[in-house]
Amino acid sequence: MSESSSAHARPYKAGEGIFSAVSVGAVFILIGVIYVATLPASLWDEVVAFFGSFSSVQVPGTGIYLPAPAVPAAHAVLYGAVFQFCLGLGILQVILLALRLAWHSPIGKTAETVGHLVFWLGASYLVFTLLNDATTLETWFVFWAAILVVLGVSLIIRALVLFARR
């Protein structure tokens, strides 16, 4: 009896290994492509300048102080790279979802992929619409609040996929 259960576990684990390898390889390719795409600007210099510009600022309309870049609009090149990264990961999740459905992956893994898809595509939309050369401190904090909403939506979607299969 244990031989048959381990025989079923091997193809599943081998399939998950393929998904992991594709995911990691795609992320490395994505990082390299985005780095080259931002040339002649140095993406590394943009990242250093971005984090170097952080200070504690008051969230507009509150008495709360949180870290934020002094001039959020000054980092449009970095925001463009972040948008490309989020969109690339969203597209990767679409591909992984198609593969998972074709290979009849366990519902838990499929639900996880759907949740990731919603998060990364939602994040790419938010970066594209809120983080640009017109970003103010107010839109900076709106972006982070909206990211929390997208995170919550992605978790609910994941739960709905799990619930639908039961």
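Summarised in this report is the structure supplied together with it. This is a predicted model, so every value here is computed, not measured. Counting of residues starts from 1 at the beginning of each chain's written sequence and follows it residue by residue. Given that this is a predicted model, residues contribute local features only at a pLDDT of at least 70 and side-chain atom pairs are listed and counted only at 80 or more, while totals for whole chains, interfaces and linings are drawn from all residues. Computation of side-chain values: all heavy atoms of the structure, hydrogens and water removed.

Digging into the overall build of the protein
Counted only if it meets this: The helix count covers DSSP runs of H or I at least four residues long, the strand count covers runs of E at least two residues long, and both are numbered beginning at the N terminus. Throughout, the radius of gyration refers to the C-alpha atoms, and the reference size of a globule is 2.2 Å times the residue count to the power 0.38. Per-residue accessibility, obtained with a 1.4 Å probe over protein chains only, is compared with the maximum for each type, and a residue is labelled buried under 20%, exposed over 50%, and partly exposed between these values. Contacts between residues were defined by any pair of non-hydrogen atoms, one from each residue, lying within 4.5 Å. Accessible areas in this description were obtained via Shrake-Rupley with a 1.4 Å probe; residue shielding takes into account the shown protein chains only.
Of regular secondary structure, the protein possesses five helices and two strands. For a compact globule of 166 residues, the expected C-alpha radius of gyration is about 15 Å, and the protein comes in at 20 Å, more than 25% above that figure. Seen through its C-alpha atoms, the protein measures out along the principal axes to roughly 65 × 40 × 25 Å. Put simply, the protein has 166 residues, and 32% of those count as buried. Residue pairs at least 24 apart in sequence account for 71% of intrachain contacts in the protein once pairs closer than 6 positions are excluded. Surface accessibility of the protein: about 10100 Å² in total, with carbon and sulfur atoms responsible for 73%.

Here we look at the packing of helix α3 (residues 76-102) against helix α4 (residues 107-130)
Quick reminder of the rule: The convention used is that axes are lines fitted to C-alpha atoms, helices contributing only their stretch in contact, and that angles between N-to-C directions extend from 0 to 180 degrees. Orientation is classified from the angle alone, with under 35 degrees giving roughly parallel, over 145 giving roughly antiparallel, 65 to 115 giving roughly perpendicular, and any other angle giving oblique. Take the far helix as the reference: if the near one is turned anticlockwise from it by less than a right angle, the crossing is left-handed, and if turned clockwise, right-handed. Three classes are used: nonpolar for Ala, Val, Leu, Ile, Met, Phe, Trp, Tyr, Cys and Pro, charged for Asp, Glu, Lys and Arg, and polar for all others, with Gly counted as polar.
Here α3 crosses α4 at 155°, and the two axes come no closer than 8 Å. In terms of orientation, α3 and α4 fall into the roughly antiparallel class. Both α3 and α4 take part in a crossing whose hand is left-handed. Class assignment for the residues of the contact of α3 with α4 results in 19 nonpolar, six polar and two charged.

Structural notes on the pairing of strand β1 (residues 54-58)
Note the following rule: We call two strands paired when DSSP finds no fewer than two bridges between them.
Here β1 pairs with strand β2 (residues 65-69) via five bridges, running antiparallel. Following the sheet pairing, valine 57 is matched in β2 by leucine 66. As consecutive antiparallel partners, β1 and β2 are separated by six residues, and within that stretch glycine 61 has a phi angle of approximately 85°, a positive value.

A closer look at the pattern of salt bridges
Test applied: A pairing counts as a salt bridge when a side-chain nitrogen of Lys or Arg comes within 4 Å of a carboxyl oxygen of Asp or Glu.
Scanning all chains against the criterion turns up one salt bridge. The salt bridge involving arginine 158 is made with glutamate 112; its shortest N-O contact spans 3.7 Å. Of the two residues, arginine 158 sits in helix α5 (residues 137-164) while glutamate 112 sits in helix α4, which places them 46 residues apart along the sequence. We classify glutamate 112 as partly exposed; its relative accessible area is 26%.

A short note on the packing of α4 against α5
Packing of α4 against α5 brings their axes to within 8 Å, and their N-to-C directions diverge by 160°. As judged from the angle between their axes, α4 and α5 are roughly antiparallel. In this structure, the crossing between α4 and α5 has a hand that is right-handed. Looking at side-chain class alone, the contact of α4 with α5 contains 19 nonpolar, five polar and two charged residues.

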